[in-house]
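Structural features, examined
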Amino acid sequence: MKLQNITVLGSTGSIGVSTLDVIRRHPDRYRAFALCAHSQVDKLFEQCCEFKPDFAVLRDATLAADLAARCSEAGLATQVRYGVQALVDLASADPVDAVMAAIVGAAGLEPTLAAANAGKRVMLANKEVLVMAGELFMQAVRSHGASLLPVDSEHNAIFQALPADFARGLGACGVRRILLTASGGPFRNTPLTDLCSVTPEDACAHPNWVMGRKISVDSATMMNKGLEVIEAHWLFAAAPEQIQVVVHPQSVMHSAVEYADGSVVAQLGNPDMRTPIAYAMAYPERIEAGVEALDLFRVGRLDFHAPDFERFPCLKLAYEALAEGGTASAILNAANEVAVAAFLDRALPFLGIPRLNEAVLAALPAGPEGTLDDVMAADAAARRLALQMVRDCSFT
Ligand code: NAD
Ligand code: MG
């Protein structure tokens, strides 16, 4: 098999590091073509020393000059670039076979869209891309012959449980519902009165997964599951009422598909992102991912509960945005990015996150998701309003 050139968008993050671990295990199949990060120069330099990519990308010229000096001192041939255009170029460059989209948030939209437009194999962890611009992105995938492999563990599980030709329509494949599992996060059973004093440290301590800070907070508010409902809608052309969220605290069953004949096909495994990453990289083959075998005797039992929309209003907001359509989910996503950043900066209480999201979604009318400019304009307007509301405390 030809060595696959991979661009990793977000190589220094949680998904990026797990991706590099899978690449490390299969040097005969994969090589890092470009490693892209925001500002962690030390970590990216270490990755360059080990993986010797052709290119490395950082946020700005100063950081890039620092990395370039270190690479040349170390005798590396890695060329260092910076900025959004570099991300776009290296996600769509001719030698690239596959792109791991693992930047967090809206910043990943343009390069991931560029990879789809260039017909690459797109391995999608960056769910915000589909939340912001699901229609545009799926259109780009279809019209440029890109292959889209979901990396989000639930969507990867659903992909594994669906027939290979699911794109002809869920109904035509006999699918009744998608069962999207959720751990319920760290506050599933916390008394509601205690939620007002939750700190960033509490919110980032996920019971089952080690992840970046933004998705950890999203898991604590269950906004993450809301974003995943929207993600599932676009990936599998599933109607909102076909997507059932199922709280499953052990995070062993990563999601399931329910069929018309009563069958439920699920994918199980230890909560380790290297499983869906390796699946996306090798599909349709299976490769070793360094993941411990699932010990069902140790797991012992699997529990399932209905979601609590009162405790987790963000989940309800996501269904509302999906029903509204157009740019509503881009507006919700942008508000949430501002809310989470403000919470992590201790400028917004934990319970302020759903309140701010709701206020921004209610205040801004959704327009059609016609072009990327429409999406970017909705995103910018929602960010402006959310920031202003945080400053003025005018959303409670
Ligand atoms: P993270 O915070 O650990 O890493 C984010 C990466 O993106 C870092 O490498 C950072 O340098 C880079 N980055 C951030 N802003 C950037 C910018 N403006 N330009 C260029 N690079 C930028 O996040 P993560 O947990 O790895 O999550 C990444 C994405 O994958 C998110 O969308 C998340 O929802 C999704 N995801 C993560 C997990 C998980 O287990 N961590 C699971 C499912 C989905
Ligand atoms: Mg997930």
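Above this text sits the structure in question.
Heads up: these notes are all about the structure in this document.

Each value, and the rule that gives it
- Residues numbered from 1 in each chain as written.
- Chains lettered and ligands numbered in written order.
- Predicted model: local features only at pLDDT ≥ 70, side-chain atom pairs only at ≥ 80, totals over all residues.
- Heavy atoms only, no water.
- Pairing = 2+ DSSP bridges.
- Helix = DSSP H or I, 4+ residues; strand = E, 2+ residues; numbered from the N terminus.
- Axes fitted to C-alpha atoms, helices over the stretch in contact; angles between N-to-C directions.
- Contact = heavy atoms within 4.5 Å.
- Phe/Tyr/Trp six-rings, centres within 6.5 Å; stacked < 30°, edge-to-face > 60°.
- Buried < 20%, exposed > 50% of the residue type's maximum accessible area, 1.4 Å probe, protein only.
- Right-handed = clockwise from strand over helix to strand, strands pointing away.
- Near = heavy atom within 4 Å.
- Polar contact = N/O pair within 3.5 Å; in protein donor to acceptor, adjacent residues only side chain to side chain.
- Areas by Shrake-Rupley, 256 points an atom, 1.4 Å probe, with all protein chains shown as cover.
- Nonpolar A, V, L, I, M, F, W, Y, C, P; charged D, E, K, R; others polar.
- Domains from an automatic or database assignment.
- Lys, Arg positive; Asp, Glu negative; His and termini not counted.
- Salt bridge = Lys/Arg side-chain N within 4 Å of Asp/Glu carboxyl O.
- Donors = N, O, S within 2.8 Å, 3.2 Å for Na, K, Ca; no water.

With that settled, consider the sheet that holds strand β8 (residues 175-182). Ordered in space as β9-β8-β10-β11, the 4 strands form an open sheet in which the pairing is mixed. Both outer strands of the open sheet, β9 (243-247) and β11 (264-268), are each paired with one neighbouring strand and no more. Averaged over all pairs of adjacent strands, the angle between their axes in this sheet comes to 20°, without regard to strand direction. In terms of strand pairing, strand β10 (residues 253-259) meets β11 through 5 bridges, oriented antiparallel. Counted as the bridge partner of S255 is Q267 from β11. Helix α7 (residues 153-161) rests against β8, β10 and β11 of the sheet, and its axis sits at about 40° to β10. In the packing of helix α10 (residues 223-236) onto the sheet, contacts are made with β8 and β9, and the angle to β8 comes to roughly 150°.

For the rest of this paragraph, the subject is the packing of aromatic side chains. This structure, assessed with the given rule, holds 9 aromatic pairs. Taking the centre distance of 5.8 Å and the plane angle of 80° together, the rings of F159 and F166 count as edge-to-face. Accessibility assignment for this pair places F159 and F166 in one class, buried. On the numbers, 6.3 Å between centres and 65° between planes, the contact of F309 with Y319 is edge-to-face. Taken together, the residues F309 in the loop between α12 (296-299) and α13 (313-324) and Y319 in helix α13 connect sequence positions 10 residues apart. Site record: aromatic cluster; members linked through ring pairs are F159, F166, F236, Y279 and Y283.

Residue alternation in strand β3 (residues 55-58) divides its side chains into two sets, F55 and V57 and A56 and L58, and both sets are buried. As judged from the 3 bridges shared by strand β2 (residues 30-36) and β3, these two strands associate in the parallel manner. Looking at β3, one finds that C36 is bridged to V57. In this view, the connection linking β2 to its parallel neighbour β3 by way of helix α2 (residues 41-51) has right-handed handedness. Pairing of β3 with strand β4 (residues 79-82), which is carried by 4 bridges, proceeds in the parallel orientation. Bridging across to β4, A56 finds its partner in V80. Read as a crossover between parallel neighbours, the route from β3 over helix α3 (residues 61-73) to β4 is right-handed.

A word on the site of ligand 1. Taken together, 21 residues are adjacent to ligand 1, and T12, S14, I15, E128 and G212 come closest. Between ligand 1 and the protein, one listed contact pairs an oxygen atom with a backbone N or O atom of S14 at 2.9 Å. Within the backbone of H38, one N or O atom sits 2.9 Å away from an oxygen atom of ligand 1. If ligand 1 stood free it would expose 820 Å²; the protein chains cover 86% of that surface. Its residues assigned to classes, the shell around ligand 1 comprises 10 nonpolar, 8 polar and 3 charged. When residues of the shell around ligand 1 are sorted by domain, at least three fall in each of domain 1 (4-150) and domain 2 (159-270 + 294-391).

Take the side chain of K120 next. As for its placement among the helices and strands, K120 is situated in the loop between α5 (109-117) and β6 (121-124). Although K120 is buried, it forms no salt bridge, and the closest oppositely charged side chain is D94 at an N-O distance of 5.2 Å. Polar side-chain contacts of K120 include one of 2.9 Å to the backbone oxygen of V96. With sequence-adjacent residues up to four places away left out, K120 is seen in contact with A91, S92, A93, D94, V96, D97, V99, A115, A146 and S147.

Around the magnesium ion (ligand 2), the donor atoms from the protein are D152 (OD), E154 (OE) and E228 (OE), and they sit 2.1 to 2.2 Å away. Spacing between the donor residues of the magnesium ion (ligand 2) along the chain follows D-x1-E-x73-E. Among the residues examined, D152 registers a relative accessible area of 7% and is labelled buried. With a relative accessible area of 9%, E154 lands in the buried category.

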